[in-house]
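Letter by letter, the chains look like this.
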Amino acid sequence: VLLLAMSTILITLGQSAAVPIIPLLVQSYGMAAAMVGVAVSAFALARSIANIPSGFLSRQYGTRFALVLGAVLAASGHLMVGLTSSYEALAASRFIAGLGSALYITAAVIFVAEVSTPNNRARLMGIYHTSFLIGIALGPSLGGFIAEVFGLRAPFLVVSALSLLAGIWSWSRIPPHVGRSVVRRDAADPSIMSASRERPKWLEIFLTPGFLAVSFICMGVFLTRASSLFNLLPLLAQERFGLSVGGIGLILTAPSAVNLT
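Residues numbered from 1 in each chain as written. Predicted model: local features only at pLDDT ≥ 70, side-chain atom pairs only at ≥ 80, totals over all residues. Heavy atoms only, no water.

Quick look at a nonpolar patch on the surface
A cluster of nonpolar residues, Trp 202, Ile 205, Phe 206, Phe 211, Leu 212, Phe 216 and Met 219, forms a patch on the protein surface that exposes about 740 Å² of accessible area. Within the residue set of the nonpolar patch, elements represented by two or more residues are α9 (201-206) and α10 (209-239). Per element, the largest residue contribution to the nonpolar patch is four residues, and it comes from α10. Looking at where Trp 202 falls in the secondary structure, it is placed in helix α9. (Patch = residues over 30% accessible without salt bridge, like charges linked within 9 Å, V, L, I, M, F, W, Y side chains within 5 Å. Areas by Shrake-Rupley, 256 points an atom, 1.4 Å probe, with all protein chains shown as cover. Salt bridge = Lys/Arg side-chain N within 4 Å of Asp/Glu carboxyl O. Helix = DSSP H or I, 4+ residues; strand = E, 2+ residues; numbered from the N terminus.)

Written out as C-alpha cells, the structure reads:
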C-alpha cells in the first residue's frame, strides 16, 4: 500500500495541478464561464464512464494493468492539453485525461481492498487516502507557481511527466496478480451461492439501501465541490480580487490541506 501511495501522490498531484489553470486557459480562448464548466465536466464525464470498466480490467488482468494504463492515458491527455491551441481539442484532451484518472483511482481502491483484511482495511484505506490528499493539496500550488513563471500551458507538460512516472513506478513496484479474478472466500456459503443464482450480483448491489445512501452522499459532495471550487473560484479570484494564478493555486490548496489534516 505504501508503494501504491507513492504513485498515487504523483497522479493526484498532476490531477489537482490543473484545477487553478483550466478555467483561466479556457477564458484565454474568449469563452464564457459556462464553457469552463464544459471543460471541467469533460474530465468528470470520462471518469464516470471509465470507473466500471476499470473494475472489469482489474479483475481480468490485475490492478497493475489498470494502474499503468490509467497513468499512460492521463499523461497523454495532459500532454495534449499543454500542446493544443483550440478549445475543442482542450475539452477532448481533458476527456482522455479523465479516462486515465478513473482507471487509476478505481484500480487503486481495488488494490487496497484486495490486499487488506476486514481487520486492517480501514487503516490501509486511510494510508491510501492520505497519499491521495497529499497530491490533491500540493497540486494547485505547484500548478499555479509553474503557470505564473512559465505560462498557462507549462504545468500540463510537468503533469504529463508526473503521470508517466506514476505509470513506470506502478509497473515496477505493484504485483501483477493482485485483483485478478479468483474464487471469493465466501463462495462456499450456500446462502450466498443461492442468492447469486437468483439475481445478478451487480443488481444486488444497486438494491442495497446503504450503498445507495453512500452513493447519493458522494454525488452531493462532488456536485458542490466541482461547481464552486473547480469552476467558479479561479474566475472569481482573478476577476473580482485580481489574484495571480499562483495566488489562486494557494487559495485552492487551503481546503485540501484542511481535508488532509
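There is more to say after this.
Here we look at the side chain of Ser 160
Structurally, the position occupied by Ser 160 is in helix α7 (residues 154-173). In this structure the side chain of Ser 160 is engaged in a polar contact, spanning 2.8 Å, whose partner is the backbone oxygen of Ala 75. Contacts of Ser 160, omitting those with residues within four sequence positions, involve Ala 75, His 78 and Leu 79. (Polar contact = N/O pair within 3.5 Å; in protein donor to acceptor, adjacent residues only side chain to side chain. Contact = heavy atoms within 4.5 Å.)

Side note on the packing of aromatic side chains
This model, assessed by the stated rule, comprises three aromatic pairs. Measuring from ring centre to ring centre gives 5.0 Å for Tyr 61 and Phe 65, while their planes differ by 45°; the resulting arrangement is tilted. For Phe 65, a relative accessible area of 36% puts it in the partly exposed group. When the centroid spacing of 6.4 Å and the interplanar angle of 55° are considered together, the rings of Tyr 128 and Phe 132 count as tilted. (Phe/Tyr/Trp six-rings, centres within 6.5 Å; stacked < 30°, edge-to-face > 60°. Buried < 20%, exposed > 50% of the residue type's maximum accessible area, 1.4 Å probe, protein only.)

Quick word on the nonpolar core
Counting 21 residues, the largest nonpolar core has Ile 22, Val 26, Ala 39, Val 81, Leu 90 and Phe 156 as its most contacted members. Secondary-structure elements contributing two or more residues to this core are α2 (22-28), α3 (33-61), α5 (87-115), α10 and α11 (245-260). Setting aside chain neighbours within four positions, we find Ile 22 in contact with Ala 39, Val 40, Val 81, Leu 90, Arg 94 and Phe 156. Listed in part, the 19 residues of the second largest apolar core include Ala 66, Ala 107, Leu 124 and Phe 132. (Core = buried A, V, L, I, M, F, W, Y, C linked by side-chain atoms within 4.5 Å.)

Concerning helix α1 (residues 2-17)
With 16 residues, α1 should reach 22 Å at 1.5 Å per residue; the first-to-last C-alpha distance of 22 Å fits that figure. Here α1 has its buried residues at Leu 4, Ala 5, Ser 7, Thr 8, Ile 11, Thr 12, Leu 13, Gly 14, Gln 15, Ser 16 and Ala 17. Check the buried side of α1 and you find it contacts α3, α4 (63-83), α5, α6 (121-150) and α7. (Expected span 1.5 Å × (residues − 1).)

Topic: the packing of α3 against α4
Contact geometry for α3 and α4: axes closest at 6 Å, N-to-C directions at 130°. Classified by the angle between their axes, α3 and α4 sit oblique to one another. On the side of α3, the interface is formed by Ser 54, Leu 57, Ser 58 and Tyr 61, while α4 contributes Thr 63, Phe 65, Ala 66 and Leu 69. Of the residues contributing to the contact of α3 with α4, the split by class is five nonpolar, three polar and no charged. (Axes fitted to C-alpha atoms, helices over the stretch in contact; angles between N-to-C directions. Parallel < 35°, antiparallel > 145°, perpendicular 65-115°, else oblique. Nonpolar A, V, L, I, M, F, W, Y, C, P; charged D, E, K, R; others polar.)

With respect to α11
Between the first and last C-alpha of α11 there are 23 Å, a value that for 16 residues agrees with the 22 Å anticipated at 1.5 Å per step. Taking the largest bend as the criterion, α11 deviates by roughly 25°, centred on Ala 254, and proline Pro 255 comes between one and four positions later. (Bend = angle between axes of the 7 residues up to and from the residue.)

Brief notes about the side chain of Gln 15
Here Gln 15 shows up in helix α1. Aside from chain neighbours lying at most four places away, what touches Gln 15 is Phe 43, Arg 47 and Ser 101.

Some thoughts on the environment of Ala 5
Counting through the fold element by element, Ala 5 comes out in helix α1. With a relative accessible area of 8%, Ala 5 lands in the buried category. It is 19 Å that separates the C-alpha atoms of Ala 5 and Val 258, two residues lying 253 residues apart in sequence.

Overview of the environment of Leu 236
With respect to the helices and strands, Leu 236 occurs in helix α10. Residue classification places Leu 236 among the partly exposed positions, given a relative accessible area of 36%. Note: C-alpha distance between Leu 236 and Ile 248 (twelve residues apart in sequence) is 9.6 Å.

Description of the confidence of the model for the chain
Per-residue pLDDT for the chain averages 86, and the proportion of residues at 70 or more is 92%. For the stretch residues 183-188, pLDDT sits under 50, and the model shows three contacts to residues farther than four places along the chain or on other chains. (pLDDT = per-residue confidence, 0-100.)

Side note on the packing of α1 against α7
Between α1 and α7, the least distance of the axes is 9 Å, while the angle of their chain directions is 165°. Taken as axis vectors, α1 and α7 run roughly antiparallel relative to one another. Of the two possible hands of crossing, α1 and α7 adopt the one that is left-handed. Of the residues in α7, those touching α1 at Leu 3, Met 6, Ser 7, Leu 10, Ile 11, Leu 13, Gly 14 and Ala 17 are Val 159, Leu 162, Ser 163, Leu 165, Ala 166, Trp 169, Ser 170 and Arg 173. (Left-handed = near helix turned anticlockwise from the far one by under 90°.)

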